[in-house]
Amino acid sequence: MLNTYFRVIVGVMVLLSVVLTVYVSQNWIWFTVFIGVNLIQSAFTKWCLLETILKKLGIKNNGSSCASC
């Protein structure tokens, strides 16, 4: 379940940042860059801030974490 929430949240954030980049300001592209860098660092460190937040909110982990997918 955690992996599903993770993918949905990250997907929405990426799409939102693209829409904001196109319609509001090109500086919103840095939000997309931040998301990408965070995904890359989680692959190497096996730690993901969003995963920690979701666990504190009570979302159950069913075996795999977002950093290991």
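Residues numbered from 1 in each chain as written. Predicted model: local features only at pLDDT ≥ 70, side-chain atom pairs only at ≥ 80, totals over all residues. Heavy atoms only, no water.

**Observations concerning the side chain of threonine 21**
Thought 1: Structurally, threonine 21 can be placed in helix H1 (residues 2–23).
Thought 2: Of the polar contacts made by the side chain of threonine 21, one reaches the backbone oxygen of serine 17; its length is 2.7 Å. (Helix = DSSP H or I, 4+ residues; strand = E, 2+ residues; numbered from the N terminus. Polar contact = N/O pair within 3.5 Å; in protein donor to acceptor, adjacent residues only side chain to side chain.)

**Things to note about H1**
Thought 1: When the terminal C-alpha atoms of H1 are compared, their 32 Å separation across 22 residues agrees well with the 32 Å that a helix rising 1.5 Å per residue should span.
Thought 2: Within H1 the residues assigned to the buried category are Leu2, Asn3, Phe6, Val10, Ser17, Leu20 and Thr21. Buried residues in H1, looked at end-on, bunch into an arc of 135°, giving them a common side. Projecting away from the buried face of H1 at angles above 90 degrees are the exposed residues Arg7, Val12, Leu15, Val22 and Tyr23.
Thought 3: In this structure, the buried residues of H1 make contact with helix H2 (29–45) and helix H3 (49–56). (Expected span 1.5 Å × (residues − 1). Buried < 20%, exposed > 50% of the residue type's maximum accessible area, 1.4 Å probe, protein only. Arc of directions from axis to C-beta. Contact = heavy atoms within 4.5 Å.)

**Topic: the nonpolar core**
Thought 1: Leu2, Phe6, Val10, Ile35, Cys48, Leu50, Leu54 and Ile59 together form the largest nonpolar core, which totals eight residues.
Thought 2: Elements that contribute at least two residues to this core include exactly H1 and H3.
Thought 3: Broken down by element, this core gets its largest block of residues, three residues, from H1. (Core = buried A, V, L, I, M, F, W, Y, C linked by side-chain atoms within 4.5 Å.)

**Details of a nonpolar patch on the surface**
Thought 1: A grouping of Val18, Val19, Val22, Tyr23, Val24 and Trp28 is seen on the molecular surface, where their side chains present a nonpolar patch of about 620 Å² in accessible area.
Thought 2: In this fold, valine 19 is placed in helix H1. (Patch = residues over 30% accessible without salt bridge, like charges linked within 9 Å, V, L, I, M, F, W, Y side chains within 5 Å. Areas by Shrake-Rupley, 256 points an atom, 1.4 Å probe, with all protein chains shown as cover. Salt bridge = Lys/Arg side-chain N within 4 Å of Asp/Glu carboxyl O.)

**A few points about the UniProt feature "transmembrane region" (unreviewed entry) in the chain**
Thought 1: Look at the UniProt record and you will see "transmembrane region" (unreviewed entry) annotated at residues 5–23 and 29–50.
Thought 2: The span residues 5–23 shows a helical share of 100% and a strand share of 0%, and its end C-alpha atoms are spaced 27 Å apart.
Thought 3: The span residues 29–50 is 86% helix and 0% strand, and its two end C-alpha atoms sit 20 Å from each other. (UniProt positions renumbered as here; feature names shortened; annotations may be inferred.)

**Examining the packing of aromatic side chains**
Thought 1: Going through the model one piece at a time under the given rule, you end up with one aromatic pair.
Thought 2: Between tryptophan 28 and phenylalanine 31 the ring centres are 6.3 Å apart and the planes differ by 85°, which places this aromatic pair in the edge-to-face class.
Thought 3: For phenylalanine 31, a relative accessible area of 26% gives the class partly exposed. (Phe/Tyr/Trp six-rings, centres within 6.5 Å; stacked < 30°, edge-to-face > 60°.)

**Considering the pattern of salt bridges**
Thought 1: Taken as a whole, this structure holds one salt bridge when the rule is applied.
Thought 2: Where glutamate 51 meets lysine 55, a salt bridge forms, and the shortest distance between an N and an O atom there is 3.5 Å. In this pair, glutamate 51 and lysine 55 both sit in helix H3, four residues apart, roughly one turn of the helix.
Thought 3: Residue lysine 55 is classed as partly exposed on the basis of its relative accessible area, which comes to 43%.

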